[in-house]
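# Inside the fold
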Amino acid sequence: MHVRSGHFTLLAGTLLLVGMLILVAGCTSPSSQPAPTPTPVYSPKTTILIGSAGVNPQILVIQRTVTVTWLNIDIGRHIVTSDTGDPDSFTSPLLGTNNRFQFTFTVPGTYTYHCADNPSIKGTIIVNN
């Protein structure tokens, strides 16, 4: 009889624990949790990733009126700026990690740019009509 009461006690304890977990789970409402922060969606066709060793892609070919996004995935900060003589000029603010800068290209031509803090990080954008 002692063995039966041991099994009964174990079963009763397990059922009590499961019941308490269900009760606690039911007491927390989804509305009490903060809403997730939306993650910006970037198109691989128009996004340039900035890293410590360079940009990717290094050459981007787009059509006129397309907006290009530079996204800093580096732990360092960067400023993206167009080179002298480009058809139109642009300069980003200081971009920290996961910060982005966007520029819409309205003038066709070849644009070369670099990071003001590290001129070896550079790329080219070709804007077609």
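Quick note: structure is the one above.
Residues numbered from 1 in each chain as written. Predicted model: local features only at pLDDT ≥ 70, side-chain atom pairs only at ≥ 80, totals over all residues. Heavy atoms only, no water.

### Some words on the overall build of the chain
Test applied: Runs of E in the DSSP output that reach at least two residues are strands. Runs of H or I that reach at least four are helices, and both are numbered from the N terminus. Type-normalised accessible area, obtained with a 1.4 Å probe on protein chains alone, sets the label of each residue: buried when under 20%, exposed when over 50%, and partly exposed for intermediate values. Note on definitions: a residue-residue contact is assigned when non-hydrogen atoms from the two residues lie within 4.5 Å. Here the accessible surface of atoms and residues is derived via Shrake-Rupley with a 1.4 Å probe, and residues count as covered only by protein chains that are part of the display.
Within the chain one finds 1 helix and 8 strands. Counting helices and strands in the order they occur from the N terminus, the chain gives α-β-β-β-β-β-β-β-β. Here the chain holds 129 residues, and the buried ones make up 27% of them. Across the chain, every contact between residues at least 6 apart in sequence was considered, and the portion connecting residues at least 24 apart equals 50%. In the form shown here, the chain has an accessible surface area of approximately 8800 Å², with 63% of it arising from carbon and sulfur atoms.

### Remarks on the nonpolar core
Side chains that are nonpolar tend, in soluble globular proteins, to be buried together. What counts is decided by this rule: Within this scheme, the nonpolar core is defined by two criteria: the residues are buried Ala, Val, Leu, Ile, Met, Phe, Trp, Tyr or Cys, and they are joined through side-chain atoms within 4.5 Å.
In terms of nonpolar packing, the biggest core is built from 19 residues, with Ile48, Val68, Trp70, Phe90, Phe105, Tyr113 and Ile125 touching the most fellow members. Elements with a minimum of two residues in this core: β1 (47-50), β3 (59-63), β4 (66-72), β6 (100-105), β7 (109-115) and β8 (118-128). Look past the residues within four positions of Trp70 in its chain and what remains in contact with it is Ile48, Ile50, Val80, Phe90, Asn99, Arg100, Phe101, Phe103, Phe105, Tyr113 and Ile125.

### Comments concerning the sheet that holds strand β5 (residues 80-82)
Rules: Paired strands are those between which DSSP finds at least two bridges. Helix axes are fitted only over the stretch in contact, all axes being lines through C-alpha atoms; the angle between N-to-C directions runs from 0 to 180 degrees.
Ordered by their spatial adjacency, 4 strands build an open sheet running β3-β8-β7-β5, and the pairing between neighbours is mixed. Strand pairing shows two members of the sheet lacking a second neighbour, β3 and β5, which therefore form its edges. Between one strand axis and the next, the sheet turns through 30 degrees on average, direction left out of account. Pairing geometry for β7 and β8, over 7 bridges, is antiparallel. Within β8, the residue paired with Gly109 across the bridge is Val127.

### Things to note about the pairing of β6
Judged by which residues are buried, β6 turns out to be one-sided: Phe101, Phe103 and Phe105 face inward and are buried, whereas Arg100, Gln102 and Thr104, on the alternate face, are not. Judged from the 6 bridges that link them, β4 and β6 form a sheet pairing that is antiparallel. Note on β6: the bridge partner recorded for Thr69 is Gln102.

### What about the sheet that holds β6?
Within the open sheet, the 4 strands sit side by side as β2-β1-β4-β6. Their pairing is mixed. In the strand order of this sheet, the two ends are held by β2 (55-56) and β6, each with one partner. Summarising the sheet, β1 and β2 pair through 2 bridges and their orientation is antiparallel. Following the sheet pairing, Leu49 is matched in β2 by Asn56.

### Remarks on the packing of aromatic side chains
Keep this limit in mind: Centre distance within 6.5 Å is the pairing criterion for rings of Phe, Tyr and Trp, where only the six-membered ring of Trp is used; planes under 30 degrees apart are then read as stacked, over 60 as edge-to-face, and the remainder as tilted.
All chains considered together, the criterion is met by 10 aromatic pairs. Judged by centre distance (6.4 Å) and plane angle (55 degrees), the ring pair of Phe90 and Tyr113 falls under tilted. You can see Phe90 sitting in the loop between β5 and β6 and its partner Tyr113 sitting in strand β7, a full 23 residues away along the chain. The exposure class of Phe90 is buried, given its relative accessible area of 3%. For Tyr113, a relative accessible area of 1% puts it in the buried group. Through pairs of rings, three or more aromatic residues link up here, namely Trp70, Phe90, Phe101, Phe103, Phe105, Tyr111 and Tyr113.

### Some words on unusual backbone geometry
Glycine aside, residues mostly have negative phi angles, and peptide bonds mostly take the trans form. The omega angle of the peptide bond from Asn56 to Pro57 is 0 degrees, so this bond is cis rather than trans. Structurally, Pro57 is set in the loop between β2 and β3. Here Asn98, not a glycine, exhibits a phi torsion of approximately 70 degrees, which is positive.

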